[in-house]
Structures are given as structure tokens and as C-alpha cells.
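Breakdown of the fold
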Amino acid sequence: MAVALNPRRAAHPARAPRVPLRILTAVPICDGHDSAVTTINIELARHGIEVIYLGYHQSVSAIARAAVQEDVNVVGLSSYNGGHIIFFKEVADQLRHSGNGDIPVFGGGGGTITKADERIMRRQGTDRIFFAGTPLKDIMTIIQRDYARTAKPNAKFKGDRSLARAITLVEQNLSARRPPRVIPARRQGRGFVVGIAGPGGAGKSTLIDELTSRFLRQHPTGRIAILANDPSHPDTGGAILGDRVSAIYAQDDRVFFRSLATRGSLTGLSAATPAAIGILQQSGEFDLILVESVGVGQESDPFGSFGQSRRLTDAVLFVLAPHYGGLIQLQKIALLNGADLVALNKCDHPMARTAQAEIQARLNQNGRGQVLHSTTAARHFDPGVDALFAAIQALGSARGRTGGAR
Ligand code: B12
Ligand SMILES: Nc1nc2c(ncn2[C@@H]2O[C@H](COP(=O)(O)OP(=O)(O)OP(=O)(O)O)[C@@H](O)[C@H]2O)c(=O)[nH]1
Ligand SMILES: [Mg+2]
């Protein structure tokens, strides 16, 4: 069954957007049906769209907060638990009440959402429902046709949306000589910026989340920002920006979390990252800014640690897991020389003890007094993560940044 196209909009032919659409997808609370949204996510990325996936069992406020911070074109919900009429309304209401009602909400839920439900839902602010049987091709055509738009500066946006829009504008217009002026600094202090690099899957995002939990506990009034880079697909330009799935503690208003797709940049970071850091610093909001690179290789230097390019962050943390290969592979990893902090994550793994000895020996050869932090980010309250957070704070203080204290 093909979806009836909106005749008013159908006059305009579908065309690939100039800048990728950004869509937040999520499954509502008390719902574990994530296979539909996973299929949709992959298809969206195949069509050149950037998907920020939040995961399943997500609350209204987590979805609305993520939509605002990610400055998405649209929110897509996949709901099978029968609560769609109320849930979609609550998301749309929360966006509207926070001054972000320009972000539409759509979604699907197969046969659990009826035509009669849809009529009520549209009256209550849902933009569109994709019913069971809608071919994926039609869904993609409609999304690209109706939700692609170029972001414009908007003085009415407040708080995190204003920051988020400023970042969108630099992503969209990388050739601009200077980033848009956003918010005047509310207080002194630029925030301590830590770049976090390491191989794909080493646990960077999980570790960042655990560091975030320490920050929130130890600094009851401070704010922390996270810029999470993930790769764009070189063939389609689309991306699945999945770092938010690991970000449990980002569900706190004191956390600003923004996903960035690399959009063809081969440095391990989106080309918008330097300006995005500048925007966060200029806002004066954040005590600590963590920047995650994509999973990087042996030769990578995303944050300019070796001085060939401008140093982008105040400090660099390199994270690796026990499966790095062997001693030869360790010798090749350039950032083990350049990083200020090194963490061996996944220390719950049986190979961790050998890895600890090998990596510490490798660091000793650098003669820089680098200490290896052994962490298990998958475990809450891990003492290794505590020690790593303390080391970050100490480095922040030593380099004249608070890293948390106001
Ligand atoms: C697969 C499935 C499961 C799998 C889920 C696997 C997973 N990880 O997702 C398993 C077996 C685990 C499961 C478990 C349960 N399920 Co179940 N499940 C289904 C099933 C068969 C298919 C859903 C699906 O993935 N469809 C595939 C998608 C791609 O197609 P679609 O649904 O037609 O969606 C279309 C559009 O709506 C659109 N779309 C959908 N979402 C989105 C999102 C966006 C952003 C966009 C753009 C489009 C879009 O895409 C499709 C295009 O054609 C449905 C029955 C059915 N036939 O729908 C029951 C169903 C949803 N499950 C049901 C139930 C009751 C359960 C359980 C509670 C059973 C139990 N007692 O344990 C549990 C709950 C699990 C949980 N934790 O939430 C009921 C829900 C009834 C209700 N809400 O009133 C259903 C309807 C079965 C039934 N008839 O009873 N389930
Ligand atoms: N066993 C174990 N698993 C972990 C640990 N830390 C993270 N993981 C798991 O490792 C997988 C990858 O974790 P992420 O945090 O997404 O890794 P990442 O380095 O951010 O991955 P990319 O961003 O894709 O490069 C997830 O399934 C985590 O749950 C750990 O300490 N122990
Ligand atoms: Mg990650």
C-alpha cells in the first residue's frame, strides 16, 4: 500500500537535500520493539540522512531534550506498546512549551496505530503517521521531500536550542570566515576541553558517560558539554550517530550533548568541531567540554597533539581496549606518545592484565611520566573511572581551567 502524498507538497519533486537532514529516532518508554526503528534507521542513512538514534524505552523529556540539543529537522517515534496517542502528544507538547514547536514529530507503529488514532494524533500535534505496509521507499521519498530545510539563524531560540542552532549553522556553512555570534558569555571561564580518541568500540562513549556521572555528582551546579563525532558513510553521506545510545547521564539538564557527523572529513572529527568548541566556550555555560573522535587508527591525531595543526583541545585522553593486537601494534599507535592521559578500558576482560603491563611499558619508553588508567566503564562506580576523573580535574587545574569548580 502506497501512502497518499500530500497534494499541496507533491507539486515539488523530491530532491536530495543540499545539507543532510538530521532526524532523531527513538522508541517510547515501556517499549522494547526496536527492530522496526533499526530498519528505518539503516534505510534513512542509506538515503543520505543523518540519524541520531536515542534507543528504546525513552521518556518524553529525554526525547524532547535530545531533539533540541541535536537541532533535528524532525523527531521519528516508533511505538508498539499501545500508548501512542498520549506519548506522541506529550513529545509535541513538550517541544512546543519549550519554544521548539517548529520541530515536527512523526512516526509509526505498524498495525498498532489505526487510522482513527491517527486523526486524533494529528489534531494533537503529530505531523504524520506511517502505517503498516508503507513501502520504505515511499517513507524515504516523503521524508526527503517534506522535512529537508536549510537552517536559518533564529533569535527566538533560547538556551540549548540557541547553542544547537549555532552549531548547525557552522556545520552547514563551513566556509564562513567566523562562526555565528551566539550568546554573550554569562560568566568568566572557557571550560576545560578534553579530546577523547581511541579505536572504534574501545568504550569511549561509555567512559564519557561515566565521567559525566562523576561530574554531575561532584559539581552540583556546573554544566558539562559533549561533542560526539561519528562517521558519515562515504557513499551516501548519511550517518547513524549512535553515541547518544550510551549516554544515560545525558538525561540531565546540566548536560549538553551534540552528535556530529564527519561529512567527508578524514581527520576523525567533523570539520565543524573547532567552531563548535568555540561556540560552547563562548557561551560561558560549561565547566568541562568532552570531544569524542570517531574510532581512530594508528596514525591518527584528531586533536593536533603533535603540533602539525592547531591544538584543538586543552588535553587529550586516549582510550584503548585489551584487543589491540600485540606489542608491535602498540608501538605503532602515535597517540600513545602524544596523549596527556591514557586509559585501558574493558579491564573486566581476561586479557586486561597482560595489556596493562604491555601498555605501561610502552608509556614508560616515552619518558613523560604518563600513567595508565585501568577502567571498566561498563561498571557503575568503577574506581578506575574515579581515578581517571580525578586526573582530568587535576590536569584542568594545572592548566588554569576549573574543570568543574565555579
Ligand atoms: C517483532 C515483534 C516483536 C519482537 C520485537 C523484536 C524487537 N527487538 O523489536 C518480540 C518477539 C521481542 C516482541 C515482543 C513483544 N511483543 Co511484539 N511484535 C512484533 C511484531 C510481530 C512486528 C513489529 C515489527 O517490528 N514490525 C516491522 C516494521 C518494520 O513494520 P510495521 O510494524 O508494519 O511498521 C511500518 C510503519 O509503521 C513504519 N514505522 C514503524 N515505526 C516507524 C518509525 C519511524 C520513525 C518511521 C518513519 C516509520 C515507522 O515502518 C513500517 C513500514 O511499513 C508485532 C506484530 C505486527 N505484525 O506488527 C508484534 C506486536 C507489536 N507485539 C506485541 C506484544 C504484545 C509484544 C509483547 C508484550 C509480548 C509479550 N507478552 O511478551 C512483547 C513486548 C516486548 C517489549 N519489551 O516491548 C503486540 C502489541 C499489541 C498492542 N500494542 O496492543 C503486537 C502488535 C502483536 C499482537 N498483535 O499482539 N514483539
Ligand atoms: N565488557 C565491557 N564492555 C564495555 C566496557 N565499556 C564499554 N563496553 C561496551 O563496548 C561497546 C562499545 O562501547 P562504546 O562506548 O560505544 O565504544 P566507543 O569507543 O564509543 O565506540 P565508537 O564510538 O563506535 O568508536 C558497548 O557495547 C559497550 O557496552 C567495559 O568496560 N567492559
Ligand atoms: Mg562512541
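Residues numbered from 1 in each chain as written. Chains lettered and ligands numbered in written order. Predicted model: local features only at pLDDT ≥ 70, side-chain atom pairs only at ≥ 80, totals over all residues.

A short note on the overall build of the chain
To keep things clear, this is the line we draw: Secondary structure elements are taken from DSSP: a helix is a run of H or I of four residues or more, a strand is a run of E of two residues or more, and numbering for both begins at the N terminus. Burial is judged by counting other C-beta atoms within 10 Å of a residue's own C-beta: 20 or more means buried, 12 or fewer means exposed, and anything between counts as partly exposed, with every C-beta placed from the backbone. With C-beta atoms placed from the backbone, a contact is any residue pair whose C-beta atoms sit within 7 Å.
Along the chain, the regular secondary structure elements total 13 helices and 13 strands. Overall, the C-alpha framework of the chain stretches about 70 × 45 × 40 Å when taken along its three principal axes. Within the span of the chain, comprising 406 residues, buried residues form 49% of the whole. Taking all contacts inside the chain whose residues are at least 6 apart in sequence as the whole, residues at least 24 apart take part in 75%.

Some points on the site of ligand 1
Defined as follows: Any residue whose C-beta atom, as placed from the backbone, lies within 6 Å of a molecule or strand is termed near it. Any residue that is not Ala, Val, Leu, Ile, Met, Phe, Trp, Tyr, Cys, Pro, Asp, Glu, Lys or Arg is counted as polar, Gly included; the first ten are nonpolar and the last four charged.
Near ligand 1 lie 27 residues; those nearest to it are G32, S35, G76, G108 and G110. For the shell around ligand 1, the elements supplying multiple residues, two or more each, are α2 (35–46), β3 (74–78) and β4 (105–108). If one sorts the elements of the shell around ligand 1 by residue count, α2 sits on top with five residues. For the shell around ligand 1, the per-class residue count stands at eight nonpolar, 17 polar and two charged.

Quick word on the site of ligand 2
The local shell around ligand 2 holds 17 residues, among which G203, S205, T206, G295 and A378 are the closest. Classifying every residue of the shell around ligand 2 gives three nonpolar, 10 polar and four charged.

Quick notes on the domain arrangement of the chain
For the record, the criterion: Source of the domain bounds: an automatic or database domain assignment.
Entries for the chain in the domain assignment read domain 1 (17–147) and domain 2 (182–398). The gap between the C-alpha centroids of domain 1 and domain 2 is 30 Å. Contributions of two or more residues to the side of domain 1 that touches domain 2 are made by α2, β2 (50–53) and α3 (60–70). In the side of domain 1 that touches domain 2, the residues fall into 10 nonpolar, five polar and three charged.

Re the pairing of strand β6 (residues 192–197)
Put simply, the test is: Here a strand pair is declared whenever DSSP counts at least two bridges between the two strands.
The element β6 is largely enclosed, with a buried count of six among its six residues. Neither face of β6 is left uncovered, since the one carrying F192, V194 and I196 and the one carrying V193, G195 and A197 both have all their residues buried. As paired elements, β6 and strand β10 (residues 288–292) share five bridges and run parallel to each other. Considered in β10, the bridge of V193 is made with I289. Pairing of β6 with strand β11 (residues 315–320), which is carried by four bridges, proceeds in the parallel orientation. Note on β11: the bridge partner recorded for A197 is F318.

Notes on the sheet that holds β10
The strands making up a sheet associate through backbone hydrogen bonding, with each pair oriented either parallel or antiparallel. Rule in force here: Every axis in this analysis is a line fitted to C-alpha atoms, fitted for helices over the stretch in contact. Angles between the N-to-C directions lie between 0 and 180 degrees.
Spatially, the seven strands line up as an open sheet ordered β9-β7-β10-β6-β11-β12-β13, and their pairing is parallel. Because the sheet does not close on itself, it has two edges, and the strands there are β9 (255–261) and β13 (372–374). When strand polarity is set aside, the average angle formed by the axes of neighbouring strands in this sheet is 20°. Each of β6, β7 (224–230), β9 and β10 touches helix α9 (residues 273–283); the most contacted strand, β7, lies at about 170° to it.

Thoughts on the packing of helix α4 (residues 84–97) against helix α5 (residues 115–123)
As a reminder of what qualifies: Orientation labels follow simple angle bins: below 35 degrees gives roughly parallel, above 145 gives roughly antiparallel, 65 to 115 gives roughly perpendicular, and whatever is left gives oblique. Handedness of each helix crossing follows the sense of rotation of the near helix against the far helix: counterclockwise by less than a right angle gives left-handed, clockwise gives right-handed.
Their axes nearest at 10 Å, the elements α4 and α5 cross at an angle of 20°. By the angle class used here, α4 and α5 are roughly parallel. Crossing angle aside, the handedness with which α4 passes α5 is right-handed. Between α4, through H84, I85 and F88, and α5, the contact on the second element is made entirely by D117, I120 and M121. Taken together, the residues that form the contact of α4 with α5 break down as four nonpolar, one polar and one charged.

A few points about the sheet that holds strand β5 (residues 128–130)
Sheet architecture is open: six strands sit in the order β5-β4-β3-β1-β2-β8, paired in parallel fashion. Looking along the sheet, the strands with just one partner apiece sit at the ends: β5 and β8 (239–241). Strand-to-strand twist across the sheet, computed as the mean angle between neighbouring axes with direction ignored, equals 25°. Here four bridges tie β3 to β4, and the two strands are oriented parallel to one another. Residue pairing in the sheet places L77 in a bridge with G107 of β4. Across the sheet, α4 lies against β3 and β4, angled at about 160° from β4, the strand it touches most.

Quick word on helix α13 (residues 383–398)
Residue pairs spaced three or four apart in an α-helix point in one direction, given the helix's 3.6 residues per turn. What counts is decided by this rule: Multiplying 1.5 Å by the helix residue count minus one yields the expected span of that helix.
Between its first and last C-alpha atoms α13 spans 22 Å; for 16 residues at 1.5 Å apiece the expected length is 22 Å, and the two agree. Each element contacted by the buried residues of α13 is listed here: β6, α8 (204–218), β12 (341–344) and β13. At the exit of α13 stands G400, carrying a positive phi of roughly 80°.

Considering α2
With 12 residues, α2 should reach 16 Å at 1.5 Å per residue; the first-to-last C-alpha distance of 17 Å fits that figure. Buried residues along α2 sit against β1 (22–26), β2, β3 and β8. With its phi angle positive at about 80°, G48 sits one or two positions after the end of α2.

Let's talk about the pairing of β2
Note the following rule: Orienting the strands away from the viewer, one traces the path from the first strand over the helix to the second; a clockwise path indicates a right-handed crossover.
The alternating pattern of β2 places E50 and I52 on one face and V51 and Y53 on the opposite face, and all of these are buried. Crossover connection from β1 via α2 to parallel β2: handedness right-handed.

Examining the confidence of the model for the chain
We apply this condition: Confidence of the predictor at the level of single residues is captured by pLDDT, which takes values from 0 to 100.
Here the chain shows a mean pLDDT of 90. Residues at 70 or above account for 90%. Contacts for the low-pLDDT stretch residues 1–17, under 50 throughout, to residues beyond four places or in other chains number 20 contacts. Overall, residues 183–187 carries pLDDT values under 50, and its contacts beyond four positions in sequence, including any with other chains, amount to eight contacts.

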